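Coordinate inspection notes
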Amino acid sequence: MTKGFTSNTITKLSANFSATKFRKRFHRISQMSTMDTTQVMPKTNEKNNSARGNKDLKQGVVNKLKVFRSKKTGGWYSAFLCLVNQGLVTLSFFGVGVNLVLFLTRVLGQDNATAANNVSKWTGTVYLCSLLGAFISDSYWGRFLTCAIFQLILLLGLVIISLTSWLFLTKPNGCGDGILNCIPPSPIGTALFYLAIYLVALGYGGHQPTIATFGSDQFDETNHKEKISRAAYFGYFYFALNAGSLISNTILVYYEDGGKWTLGFWASTAAGLLGLFVFLLGTPGYKYVKSFGNPLPRVGQVFVAAIRKWRLPNVDEAELYESNGSESTIKGTRKILHSNDFKKLDKAAIVTDEDRQSPVANPWRLCTITQVEEAKCIIRMFPIWLCTIMYSVIFTQMASLFVEQGEVMDATIGNFRLPAASMSAFDICSVLTCTFLYRFIVVPLGGKISGNPKGLTELQRMGVGLIIGMLSMVAAGVTEIFRLRRVISENEISSLSIFWQIPQYILVGASEVFMYVGQLEFFNGQAPDGIKSLGSSLCMASMSLGNYVSSMLVNMVMHFTARGTRHGWIPENLNNGHIDRFYFLLVGLALVDMVAFVCFAKWYKGINIEDSDHGSCTKVGEKEIDKV
């Protein structure tokens, strides 16, 4: 809610201001009356001065009120603090996540397949928690409080993992560097470690979609200029996310790979604490949006009311029930205009004789058009969201199989050994570069060609991202083929340089700019006002299921390929395996997913807000109709 002065406050302020001036003026006149008559000003001059003083007094009050009224909240300053916070929180998160697969193998002694599955499950939990954070922020706590609380949970997890690594796991000191083995972990150390990383998962997962929506709240969507800034914010948000992870993937990963795990974890903790401080620093200037209540009953009411009136004939749109006024029955949200698809759900808004006789509308029998359209919007977005899961399966390989692949490649530069996990720095640099290229080259050029000021629609960007993601898997598969050819002995690493992985990392980074930024804009923009954070969380939820699907695929592949004397595609020693075949399997699955995505994108119809500039219909291969 935007902070400001009410009319009563302004009236009291003016009255107090006038009374103070009057007392001072009366005191001064009383003093003048006690002076010698030679010092008393002529009566006419006194009247003129009094009139001039009253005029100055009125002008002073007017100027003061103009200053108060000109104060505003939100804008780029508040959004910038959200971006800095996102960068620091991401740095702290990836300080744990980027090298987790190596910590599990080197310190906890897990094999490659088990470690890769555990990382996938943990990463999936991170993004699954985004749904929880989004639900709580939209329904109960509001976005500001949700961001603050989940950051505290993240900090608690970081402190526990730092203490656990120091006191229980990295024994002897400096172990887990790939040379010095750690002693087997104790049960209490292992339990505390898993407790800590899942607290980190809960804290970061609940924070990220909420801060994305909270930052976009700082811009007024009904203002044309701020609407453009709001669209740009999501690109800068993903830029900040990757800028924060760049430090984790270069500096922190270097110390952790060298056995200084505890130092890396404490550095992550410090970054998380600084991020929380920056976030709280902007408290007076933020624009706050109140929570809108639990959306689950609202959506459930639509389906229950529609089933109750299933046998009723369809009626004209003008006869459907809607509240009076500019706002919907969901306090603080705008009305959504009626759409012609899913007409069976429209029955929930049909007014029957029983509804007319009831003194108060029963929401489980009669719903507004806005309620019905909110349910329709969720149904329309669902298949689009399902099609993004396959891309997340591709993306998650960068944190697991890409790292394991790099571990068995030549990573030496002179006497320096490059940590395999640090290769993800090329992914981050690709994201940072492509973000600016897209913003300042692709958007203007695409706008001139297509007539769309955004360059490409969100759905078109997601489709391009999926295609580039498939190419990254092709590059990874080709690299693995050449790596296997350069293996001298099955127990030694390949002589192929780790820099052969650069193309696959760069392609993944380029695909992120199109896919994930497109998802953020699409799901946040198409979600109704009451579930904006939930819309942002769908991007992370697809990552979550992508990680679980990846874990399931690895298990299925090993089940069918590791029979008898065969090692399987992803064995403990990758020199005996064929992860190239796994990469090409993902390419085939992504092709099938791409066909489904194009079909659903052509079918999709955009949300239409009453008295808003946002009504649009986004289809792949067509222009986005944007009434600006």
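Just above sits the structure.
Now for a quick tour of the structure. (Residues numbered from 1 in each chain as written. Predicted model: local features only at pLDDT ≥ 70, side-chain atom pairs only at ≥ 80, totals over all residues. Heavy atoms only, no water.)

A cluster of nonpolar side chains, contributed by Ile 247, Ile 251, Tyr 254, Tyr 255, Leu 263, Ile 413, Phe 416 and Phe 499, occupies part of the molecular surface with about 710 Å² of accessible area. Looking at the nonpolar patch, the element that brings in the most residues is helix α8 (residues 224–257), giving four residues. (Patch = residues over 30% accessible without salt bridge, like charges linked within 9 Å, V, L, I, M, F, W, Y side chains within 5 Å. Areas by Shrake-Rupley, 256 points an atom, 1.4 Å probe, with all protein chains shown as cover. Salt bridge = Lys/Arg side-chain N within 4 Å of Asp/Glu carboxyl O. Helix = DSSP H or I, 4+ residues; strand = E, 2+ residues; numbered from the N terminus.)

Applying the stated criterion to the full structure yields one disulfide. Residue Cys 175 pairs covalently with Cys 182 via a disulfide, S to S 2.0 Å. On the S-S bond that ties Cys 175 to Cys 182, the torsion sits near 95°, and the link is right-handed. An identical accessibility class is assigned to Cys 175 and Cys 182; each is buried. Between Cys 387, a cysteine without a disulfide, and Cys 599, which holds the nearest cysteine sulfur, the sulfur-to-sulfur distance is 8.8 Å. By relative accessible area, Cys 387 is classed as buried at 5%. (Disulfide = S-S within 2.5 Å. Buried < 20%, exposed > 50% of the residue type's maximum accessible area, 1.4 Å probe, protein only.)

As a further point, take the pattern of salt bridges. Across all of its chains, the model carries 14 salt bridges by this definition. Of the charged contacts in the structure, one is a salt bridge between Asp 217 and Arg 143, with a shortest N-O distance of 2.6 Å. Residue Asp 217 is found in the loop between α7 (187–216) and α8, and its partner Arg 143 is found in helix α6 (residues 143–169); the two are separated by 74 residues along the sequence. Grouping residues by exposure puts Asp 217 and Arg 143 together as buried. Through salt bridges that share partners, Lys 309, Glu 354, Asp 355 and Arg 365 make up one connected network.

The residue after Lys 171, namely Pro 172, is reached through a cis peptide bond having omega 0°. Tracing the backbone shows Pro 172 in the loop between α6 and α7. Located in the positive-phi region is Phe 342, a residue other than glycine, with phi close to 50°. On the secondary structure map, Phe 342 appears in the loop between α10 (295–308) and α11 (343–346). Take Phe 342: its relative accessible area is 29%, and that puts it in the partly exposed class.

What follows deals with helix α16 (residues 424–450). Count 3.6 residues to each turn of an α-helix, and residues three or four apart come out pointing the same way. The first and last C-alpha atoms of α16 sit only 34 Å apart over 27 residues, clearly below the 39 Å expected at 1.5 Å per residue. At Tyr 438, α16 is deflected by roughly 40°, the largest bend along its length. Remark: Gly 451 follows α16 within two positions and exhibits a positive phi of approximately 80°. (Expected span 1.5 Å × (residues − 1). Bend = angle between axes of the 7 residues up to and from the residue.)

Attention shifts here to the nonpolar core. A general feature of soluble globular proteins is that nonpolar side chains tend to end up buried together. Membership of the largest hydrophobic core comes to 107 residues, with the highest contact counts inside it found for Phe 193 and Ile 384. Of all the elements, helix α18 (residues 502–526) adds the most residues to this core, at eleven residues. If we skip the residues at most four places from it in the chain, Phe 193 touches Leu 100, Phe 103, Leu 104, Leu 108, Ile 161, Thr 164 and Leu 169. Phe 214, Tyr 233, Phe 234 and Ala 240 belong to the second largest nonpolar core, which has 21 residues in total. (Core = buried A, V, L, I, M, F, W, Y, C linked by side-chain atoms within 4.5 Å. Contact = heavy atoms within 4.5 Å.)

Below, the discussion takes up empty space enclosed by the protein. With the rule as written, the count across this model stands at four cavities of 30 Å³ or more. Estimated volume of the largest cavity: approximately 530 Å³. Along the walls of the largest cavity sit 36 residues, with Phe 93, Phe 94, Tyr 127, Phe 395 and Met 398 positioned nearest its centre. Mapped onto the lining of the largest cavity, the elements with two or more residues apiece are α3 (76–97), α5 (112–141), α7, α8, α14 (389–396), α16, α18 and α19 (532–561). Ranked by residue count, the leading element in the lining of the largest cavity is α8, at six residues. Here the second largest cavity defines a volume of roughly 60 Å³. Lining the second largest cavity we find ten residues, and of these Thr 333, Arg 334, Ile 336, Pro 528 and Asp 529 sit closest to its centre. Here the residues of the lining of the second largest cavity sort into four nonpolar, three polar and three charged. (1 Å grid on protein atoms, 1.4 Å probe; cavity = no way out; pocket = protein on both sides within 12 Å on 5 of 7 lines; lining within 4 Å. Points joined across faces, edges and corners; volume = space filled by probe spheres on them. Nonpolar A, V, L, I, M, F, W, Y, C, P; charged D, E, K, R; others polar.)

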